[in-house]
Amino acid sequence: MKIAIGIPARMGSTRFPGKPLALLAGKPMIVHVIEKAVAAELGPVFVATDDDRIAAIAKKCGVIACMTDADHPNGSNRLAQAVRDIACDVVVNVQGDEPLIDPVAIRAVVEPFKDDAYLPMATLAHPVREDADLHDANVVKVVCNAKGRAQYFSRAAIPFPRSGSSNALQHVGLYAYRKEFLLIYPSLAACEAEETEQLEQLRVLHHGYDIAVTVGDFHCIGVDTPADLARAEKILTVK
């Protein structure tokens, strides 16, 4: 099974413009993400971007730079354009705002493909650590069925802790796709749930495709805002 790791990165973030080039511990954030992807040692790493500055950094780091259209609605669409000419069976999507992602997690997300030749997509989750996270709309939760496939993702508290206790799972924004499915994904019509929740993975479930969810100690802090960047800086400084 040939695996490639793609990093979608764009400059036009609504909450944090220029995020990939924001300095984190003395290096642009995208460099940290590239280093983690390379450390996973799964296969070639490529950066899919619409910005020449990001592409230049990717090349300097020794990975592939793929220029993509500027108007992609999400990272999956951007990777689908970039991966057409890359020889692989499975594509891992390491988002460009995950500078603290563990290479162990990157390796874990591809494991389900080894046991299911028809699996279209996989992701990760971990138990919610703080009660406040269950009700935080910025923290995405996932409910799985008995086969470890996602039933639904939401920014709301799912399953709702009616008894007061919760066994909720927090979704980790790391994806892997069989290449054939990733190339199909952009042609799938968006659905109401996806647009309401602003979660691209709901389109996959809406159209009847499986998403395998591996649960483990995959806690990671993504960078969506300058405040998140400061938190990440503090963590890296302590390390």
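For the structure itself, consult the block above.
This text gives an overview of the structure that appears in the document. The structure presented is a predicted model; accordingly, all values stated were derived computationally and were not measured. (Residues numbered from 1 in each chain as written. Predicted model: local features only at pLDDT ≥ 70, side-chain atom pairs only at ≥ 80, totals over all residues. Heavy atoms only, no water.)

The subject of this paragraph is unusual backbone geometry. A cis geometry characterises the amide bond from I158 onward to P159, with omega recorded as -15°. Take P159: it is sitting in the loop between β9 (150-154) and β10 (169-178). Positive phi is not limited to glycine here, since E41 has a value of about 55°. Structurally, E41 is set in the loop between α1 (29-39) and β4 (45-49). (Helix = DSSP H or I, 4+ residues; strand = E, 2+ residues; numbered from the N terminus.)

Moving on to the pattern of salt bridges. What the rule picks out here adds up to eight salt bridges. Residue K27 is joined to E35 by a salt bridge in which the shortest nitrogen-to-oxygen separation is 2.9 Å. Judged by its relative accessible area of 38%, E35 falls in the partly exposed class. In this structure, the salt-bridge partner of R149 is D116, at a minimum N-O distance of 3.0 Å. (Salt bridge = Lys/Arg side-chain N within 4 Å of Asp/Glu carboxyl O. Buried < 20%, exposed > 50% of the residue type's maximum accessible area, 1.4 Å probe, protein only.)

Our next topic: the environment of P226. Position of P226 among the secondary structure elements: in helix α10 (residues 226-238). With a relative accessible area of 49%, P226 lands in the partly exposed category. In this structure, the C-alpha to C-alpha distance between P226 and K19, residues 207 residues apart in sequence, is 8.5 Å. Once residues within four sequence positions are removed from consideration, P226 is found in contact with R15 and F16. (Contact = heavy atoms within 4.5 Å.)

Counting 45 residues, the largest nonpolar core has I7, V92, V94 and L174 as its most contacted members. If one sorts the elements of this core by residue count, α1 sits on top with six residues. Those residues within four positions of L174 in sequence are excluded, and the remaining contacts are V92, N93, V94, I101, A105, I106, V109, A122, T123 and L124. Counting 30 residues, the second-largest nonpolar core is a separate cluster that includes A80, A82, L199 and V204. (Core = buried A, V, L, I, M, F, W, Y, C linked by side-chain atoms within 4.5 Å.)

Moving on: α10. For α10, which comprises 13 residues, the first-to-last C-alpha distance of 19 Å matches the rise-based estimate of 18 Å (1.5 Å per residue) to within 8%. Of the positions making up α10, those classed as buried are D228, L229 and A232. End-on, the buried residues of α10 take up no more than an arc of 100°, which puts them together on one face. Exposed side chains of α10 directed beyond 90 degrees from the buried face belong to K234, T237 and V238. The secondary structure elements touched by the buried residues of α10 are β2 (23-24) and α1. (Expected span 1.5 Å × (residues − 1). Arc of directions from axis to C-beta.)

Time to look at the side chain of K179. Mapping K179 onto the fold places it in helix α7 (residues 179-184). Residues within four places of K179 in sequence aside, it is in contact with V83, R84, I86, C88, D89, V90 and V91.

Moving on, we get to the pairing of strand β5 (residues 64-67). Pairing geometry for β4 and β5, over four bridges, is parallel. Along β5, the bridge assignment pairs A48 with C66. Running through helix α2 (residues 52-60), the crossover from β4 to the neighbouring parallel element β5 is right-handed. (Pairing = 2+ DSSP bridges. Right-handed = clockwise from strand over helix to strand, strands pointing away.)

Okay, helix α3 (residues 75-82) next. Within α3, eight of the eight residues are buried, which leaves it mostly tucked inside the rest of the structure. Considered for burial, the residues of α3 that qualify are G75, S76, N77, R78, L79, A80, Q81 and A82. Structurally, the start of α3 carries an N-cap: the backbone nitrogen of S76 is 3.2 Å from a side-chain oxygen of N74. (Polar contact = N/O pair within 3.5 Å; in protein donor to acceptor, adjacent residues only side chain to side chain.)

The next subject is the side chain of H126. Locating H126 in the fold gives a position in strand β7 (residues 121-127). Accessibility expressed as a relative area gives 2% for H126, which makes it buried.

A separate point is the state of the cysteines. For the coordinates displayed, the defined rule picks out zero disulfides. The structure places no disulfide on C61, whose sulfur is separated from the nearest cysteine sulfur, that of C66, by 15 Å. Under the relative-accessibility criterion, C61 is labelled partly exposed at 32%. Its sulfur unpaired, C66 is 11 Å from the next cysteine sulfur, which belongs to C88. (Disulfide = S-S within 2.5 Å.)

This part is about the pairing of strand β8 (residues 141-144). Two elements, β8 and β9, share four bridges in a ladder whose sense is antiparallel. Residue V143 lies in a different strand from β9, and its bridge partner there is Y152. In sequence, β8 turns back onto β9 through a hairpin of five residues, with G148 there showing a positive phi of about 75°. Sheet topology note: the β8/β10 ladder contains two bridges and is antiparallel. Bridge assignment links V142 to a residue of β10, and that residue is L169.

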